Amino acid sequence: MATFFGEVVVAPSRAGLDEEEEEREETPEDREIRRELEKKREIEVLWSGLAQGPLACSRFVVAIGRNAAAFLSSFILDSVCWEVVGVVKLWNEWCRTSSTTNVLPTDSFCLFYRLISDPTVLLCQCSCYVAEDQQFQWLEKVFGSMQKEGLQVTILSTCPVADYKTQESTLTLASPFLKALKTKEFQEQVCCPLLEQPNIVRDLPAAVLSYCQVWQIPAVLYQCYTDVIKLDTVTIEAFKPLLSSEVLKSLVKDASESTKMLKKFLTATESHSNIYI
Amino acid sequence: MFVPCDRGGGPAASDFKGFTLLMPAVSVGNVGQLAVDLVISTLDMTKVGYFYTDCLVPMVGNNPYATAEENSTELSINAEVYSVPSKKLVVLQIRSPFIKNKYRPFCEALLSWVKGSRCARVVVLSSSHAYQRDDEQLLGTPLRYLLTPDLEKAVGGLMQELNWKEMEKVAAYPGISDTDKVLHIPGGGITKLLFTESCSKGIQMAVLLKFCSEGDNIPDAFVLVNYLNEWLQLVKSESNNSTDSSSQWKIPSSWRLLFGNGLPPALF
């Protein structure tokens with residue numbers, strides 16, 4: 001296949017397996033490099049101030065991506081009712097997180113919060129990218145620290161509307177919009193239509209939902225299809241129907257606080273996007 | 001590892017003694033996976049469990065074989081197991097590619113499950129790059145088979161009767177005539193590894209593959225699944241003169257929009 005510039009490019013196979021990789025035997029040096037890389041890419045989950053043994057958890061809300069995380073910051077989280085109880089340290093080619101808990105909405109981080117009045121309610125904001133080879137580790141280390149009995153999981157995530165498969169063109173769709181996927185055990189009402197085939201969800205949200213389906217944990221994923229890649233208040237507000245769900249309605253903070261928070265996000269994004277001062 | 005859907009089933013839920021395990025290799029054109037989709041959809045197979053692994057890229061979606069509103073909301077993940085006990089058939093469907101460096105652990109986990117679940121034999125549906133064929137392979141049928149020595153003893157004769165062509169070995173160093181001949185399945189993903197491991201572990205395995213290229217691989221899937229049907233007789237085959245050899249297979253509802261969305265009206 002020739003490209004615009006005339007050079008020949010091998011069309012990538014949908015099968016995804018690089019053949020040279022499969023034929024080459026691993027030398028001891030290769031093995032050493034691979035092990036070092038694997039060690040560097042290991043995820044660390046640091047819990048603070050918790051009792052030993054698995055966390056008792058009744059509700060676990062995971063917000064994956066900047067906009068989902070900002071939704072929780074705007075409408076649910078505050079420094080009075082919630083305390084930070086955990087942080088994920090990871091490194092990959094796209095981002096690096098640290099163990100600091102003092103973060104900006106545009107940073108890459110993965111933090112866990114607990115409701116002080118009901119310590120079985122946990123929230124996670126994961127705005128960093130968790131790579132393919134790290135997703136399973138994230139699952140095992142996070143869920144491994146929790147009691148699964150009586151647990152219900154809610155996942156919030158965003159993805160480009162261009163990925164949405166539909167008979168019409170995506171240009172005519174009113175985005176952002178929400179779609180849901182739920183596990184077999186999830187019996188409650190969902191706040192938006194279910195995601196139709198042939199659409200699928202990938203990455204960490206898919207990993208968490210798969211885990212819940214296999215281990216029979218009631219869970220629901222709310223995927224927001226949006227045409228904005230960066231932090232965006234319209235996308236953040238697209239998650240608002242969730243505020244009337246069983247899981248979140250008792251956790252919603254004051255409306256005036258939410259408006260203040262959203263205004264902060266607006267200014268944070270605008271100053272970066274304007275190159276003509 | 002295999003995790004049954006029905007926890008209450010006890011150890012019997014994981015026992016596939018005497019069953020044939022059908023599975024795809026993630027290979028060029030995803031032909032094996034498409035063919036397995038046709039089998040699951042046509043035989044209306046029931047999901048019996050998941051193959052929970054860290055070796056495949058995670059993905060989820062709603063039921064890809066939905067036929068009505070009621071059954072469209074069951075969640076599916078990247079590796080699931082279906083069965084139809086009346087045909088002693090169990091099927092593993094794989095829906096995503098391997099995570100880097102994880103294909104070997106996956107093969108090990110899979111073959112260890114095959115032994116543990118007491119499957120009688122494994123049939124792998126796969127494909128290989130059409131552009132890598134040599135002059136002789138360019139002529140005649142694009143379909144090939146391979147049998148491990150243990151399965152050769154059982155069904156080798158049947159393959160002769162069906163007039164099937166065995167996958168040729170190629171020279172280890174092309175162009176040099178007196179080198180060893182080796183098995184080479186370019187674009188076949190883990191097919192070769194699964195086959196060679198099964199040979200050495202005494203597992204009865206058959207590989208059915210088609211030479212193809214990336215593109216619209218639906219016709220390739222139909223050809224491969226009809227090839228499989230010549231042997232396993234999963235559905236009643238149409239007569240040889242029928243022009244529509246695809247009519248006995250049911251296309252799953254998830255095969256919509258494979259090549260993109262509808263066009264924006266403003267384009268015209």
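Residues numbered from 1 in each chain as written. Chains lettered and ligands numbered in written order. Predicted model: local features only at pLDDT ≥ 70, side-chain atom pairs only at ≥ 80, totals over all residues. Heavy atoms only, no water.

1. Side note on the side chain of Ser128 of chain B
Secondary-structure assignment places Ser128 of chain B in strand β8 (residues 121–129). Beyond its immediate sequence surroundings of up to four residues, Ser128 of chain B is in contact with Val28, Ile185, Pro186, Leu209, Lys210, Phe211 and Cys212 of chain B. (Helix = DSSP H or I, 4+ residues; strand = E, 2+ residues; numbered from the N terminus. Contact = heavy atoms within 4.5 Å.)

2. Some details on the interface of chain A and chain B
Taken together, the contact pairs 46 residues of chain A with 48 residues of chain B. Between chain A and chain B, roughly 4100 Å² of surface is buried when both sides are summed, and carbon and sulfur atoms account for 55% of that area. Applying the counting rule to chain A against chain B returns zero salt bridges. Broken down by secondary-structure element, the contributors of at least two residues to the side of chain A that touches chain B are α1 (19–23), α4 (132–143), β7 (177–182), β8 (200–202) and α5 (203–214) of chain A. At eight residues, α5 of chain A tops the list of elements feeding residues into the side of chain A that touches chain B. When its residues are assigned to classes, the side of chain A that touches chain B shows 18 nonpolar, 14 polar and 14 charged. For β8 of chain A and strand β4 (residues 59–62) of chain B, the ladder comprises three bridges, and the chain directions are antiparallel. By the bridge assignment for β4 of chain B, Arg202 of chain A is matched with Met59 of chain B. (Buried area = accessible area lost by both parts, 1.4 Å probe. Salt bridge = Lys/Arg side-chain N within 4 Å of Asp/Glu carboxyl O. Nonpolar A, V, L, I, M, F, W, Y, C, P; charged D, E, K, R; others polar. Pairing = 2+ DSSP bridges.)

3. What about the confidence of the model for chain A?
The share of residues in chain A with pLDDT of 70 or more is 87%, and the mean pLDDT across the chain is 86. Per-residue pLDDT, averaged within each element of chain A, yields its smallest value for α1 of chain A (52) and its largest for α5 of chain A (97). (pLDDT = per-residue confidence, 0-100.)

4. Observations regarding the pairing of strand β7 (residues 89–94) of chain B
Residues and elements named next belong to chain B. Here β7 lies mainly inside the structure; six of its six residues are buried. Side chains of β7 alternate between two faces, with Leu89, Val91 and Gln93 and Val90, Leu92 and Ile94 buried alike. As defined by bridge partners, strand β2 (residues 20–24) adjoins β7 across three bridges and the pair is classed as parallel. Each bridged residue has a counterpart across the sheet, and for Leu22 the counterpart in β7 is Val91. The pairing of strand β6 (residues 79–84) with β7 spans six bridges and is antiparallel. Each residue of the ladder has a partner; that of Glu80, found in β7, is Gln93. In this antiparallel pair of consecutive strands, β6 and β7, the connection spans four residues, and Lys88 shows a positive phi of 50°. (Buried < 20%, exposed > 50% of the residue type's maximum accessible area, 1.4 Å probe, protein only.)

5. Details of the packing of helix α1 (residues 31–42) of chain B against helix α5 (residues 218–232) of chain B
Residue and element names in this part refer to chain B. One can describe the packing of α1 onto α5 by two numbers: an axis separation of 8 Å at closest approach and a directional angle of 65°. Our pair here, α1 against α5, has a crossing hand that is right-handed. In this structure, α1 contributes Val31, Gly32, Leu34, Ala35, Leu38 and Val39 to the contact, and α5 contributes Ile218, Asp220, Ala221, Phe222, Leu224, Val225 and Leu228. For the contact of α1 with α5, the per-class residue count stands at 11 nonpolar, one polar and one charged. (Axes fitted to C-alpha atoms, helices over the stretch in contact; angles between N-to-C directions. Left-handed = near helix turned anticlockwise from the far one by under 90°.)

6. Section: a nonpolar patch on the surface
A cluster of nonpolar side chains, contributed by Leu263, Leu267 and Phe268 of chain B, occupies part of the molecular surface with about 410 Å² of accessible area. In this fold, Phe268 of chain B is placed in the segment after α5. (Patch = residues over 30% accessible without salt bridge, like charges linked within 9 Å, V, L, I, M, F, W, Y side chains within 5 Å. Areas by Shrake-Rupley, 256 points an atom, 1.4 Å probe, with all protein chains shown as cover.)

7. Topic: the packing of aromatic side chains
Tallying each qualifying case throughout the model produces 25 aromatic pairs over all chains. Here the aromatic rings of Phe71 of chain A and Phe75 of chain A are separated by 5.2 Å at their centres, their planes lie at 35°, and the arrangement is tilted. Residue Phe71 of chain A and its partner Phe75 of chain A are located together in helix α3 (residues 66–75), separated by four residues, close to a single helical turn. Side by side, Phe71 of chain A and Phe75 of chain A carry an identical accessibility label, which is buried. Ring plane angle 85° and centroid distance 5.4 Å describe the contact between Trp215 of chain A and Tyr52 of chain B, whose orientation is recorded as edge-to-face. On the criterion of chain membership, the pair formed by Trp215 of chain A in the loop between α5 and β9 (219–226) and Tyr52 of chain B in the loop between β3 (46–51) and β4 is interchain, its members lying in two chains. An aromatic cluster is present here, built from Trp47, Phe60, Phe112, Phe136, Trp138, Phe143, Tyr211 and Trp215 of chain A together with Tyr52 of chain B joined pairwise through their rings. Directly above the aromatic system of Trp91 of chain A lies the positively charged group of Lys40 of chain A, at a separation of 4.1 Å from the ring centroid. (Phe/Tyr/Trp six-rings, centres within 6.5 Å; stacked < 30°, edge-to-face > 60°. Lys NZ or Arg CZ within 6 Å of the ring centre and 35° of its normal.)

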